[in-house]
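Read off the chains here:
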Number of protein chains: 2
Amino acid sequence: MKIKLTVTLKNGVLDPQGKAIQQTLNGMGFSNVEEVRQGKYFEVEVNEKNEDKAKSKVEEMCKKLLANLVIEDFKIL
Amino acid sequence: MKIKLTVTLKNGVLDPQGKAIQQTLNGMGFSNVEEVRQGKYFEVEVNEKNEDKAKSKVEEMCKKLLANLVIEDFKIL
């Protein structure tokens, strides 16, 4: 089954890429954009029919590879 | 209000980054990972209280800047 997840910078961690996007949007006329934060999104196809087991595997992958827990949070959707 | 969205490669568009992650996960012992697709995730803070209006603004931003509609799809969450 396919598990979807996001990896985002923790609150308080500077996000220069998001800031650049925000400034670009402002410059394009979207003046009411106050903040943009960019993260990563993954779809992981796991050969496992049990949803709980699949999610727990993906959680392990996040901790070991997909997210840097020092500066990032992950969320399994 | 904060609008969340994902931008993903269209089906059929090669995703070498996702492939590399999949192979790495397989090599780490996660042998039941069959496919990984990576996309982008954005949180956009818009100064607009009406949810429908905020989402329609963000949709316009996706079409004009955040997504390359030739190879990518976007989804407002």
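Predicted model, so just to flag it, every value in this text is computed and none were measured. (Residues numbered from 1 in each chain as written. Chains lettered and ligands numbered in written order. Predicted model: local features only at pLDDT ≥ 70, side-chain atom pairs only at ≥ 80, totals over all residues. Heavy atoms only, no water.)

### What about the sheet that holds strand β2 (residues 33–46) of chain B?
Whenever strands of a sheet pair, they do so through backbone hydrogen bonds, lying parallel or antiparallel. Our working definition: A pair of strands counts as paired when DSSP detects no fewer than two bridges linking them. Note on conventions: DSSP H or I runs of at least 4 residues are helices, E runs of at least 2 residues are strands, and numbering of each starts at the N terminus. Angles run from 0 to 180 degrees between N-to-C directions of axes, and those axes are lines fitted to C-alpha atoms, restricted for helices to the stretch in contact. It only takes one pair of heavy atoms within 4.5 Å for two residues to be counted as in contact.
Across the sheet, which stays open at both edges, the 6 strands sit in the order β3(A)-β1(A)-β2(A)-β2(B)-β1(B)-β3(B) with antiparallel pairing between neighbours. The open sheet has two free edges, formed respectively by β3 (72–76) of chain A together with β3 (72–76) of chain B, since each of these has just one partner strand. Along the sheet, successive strands turn relative to each other by an average axial angle of 25 degrees, direction set aside. Note that strand β1 (residues 2–9) of chain A and β3(A) share 5 bridges and pair antiparallel. When the bridges of β3(A) are listed, Thr6(A) appears paired with Lys75(A). Helix α1 (residues 16–27) of chain A rests against β2 (33–46) of chain A together with β2 of chain B of the sheet, and its axis sits at about 125 degrees to β2(A).

### Focus on the packing of α1(A) against helix α2 (residues 51–66) of chain B
To be explicit about the condition: Reported orientations rely on four angle classes, namely roughly parallel under 35 degrees, roughly antiparallel over 145, roughly perpendicular from 65 to 115, and oblique for the rest. Residues are grouped as follows: nonpolar covers Ala, Val, Leu, Ile, Met, Phe, Trp, Tyr, Cys and Pro; charged covers Asp, Glu, Lys and Arg; every other residue, Gly included, is treated as polar.
At a minimum axis distance of 11 Å, the contact between α1(A) and α2(B) shows a crossing angle of 105 degrees. The angle between α1(A) and α2(B) falls in the class roughly perpendicular. On α2(B), the residues that touch Ile21(A), Thr24(A) and Leu25(A) of α1(A) are Met61(B), Leu65(B) and Leu66(B). For the contact of α1(A) with α2(B), a count of residues per class yields 5 nonpolar, 1 polar and no charged.

### Describing the relation of the copies chain B and chain A
Operational definition: In this comparison the copies share one frame, found by least squares on the C-alpha atoms of residues holding pLDDT of at least 70 in both.
Note on the copies: chain B fits chain A at an RMSD of 0.0 Å, the axial shift is 0.0 Å, and the rotation between them is 180 degrees. Classification of the inter-copy transformation places it as that of a two-fold axis. Relative to the rotation axis, the C-alpha of Lys40(B) is the closest in chain B, positioned 2.3 Å from it. When the interface residues of chain B are mapped onto chain A, 100% of them again fall at the interface, so both copies present the same face.

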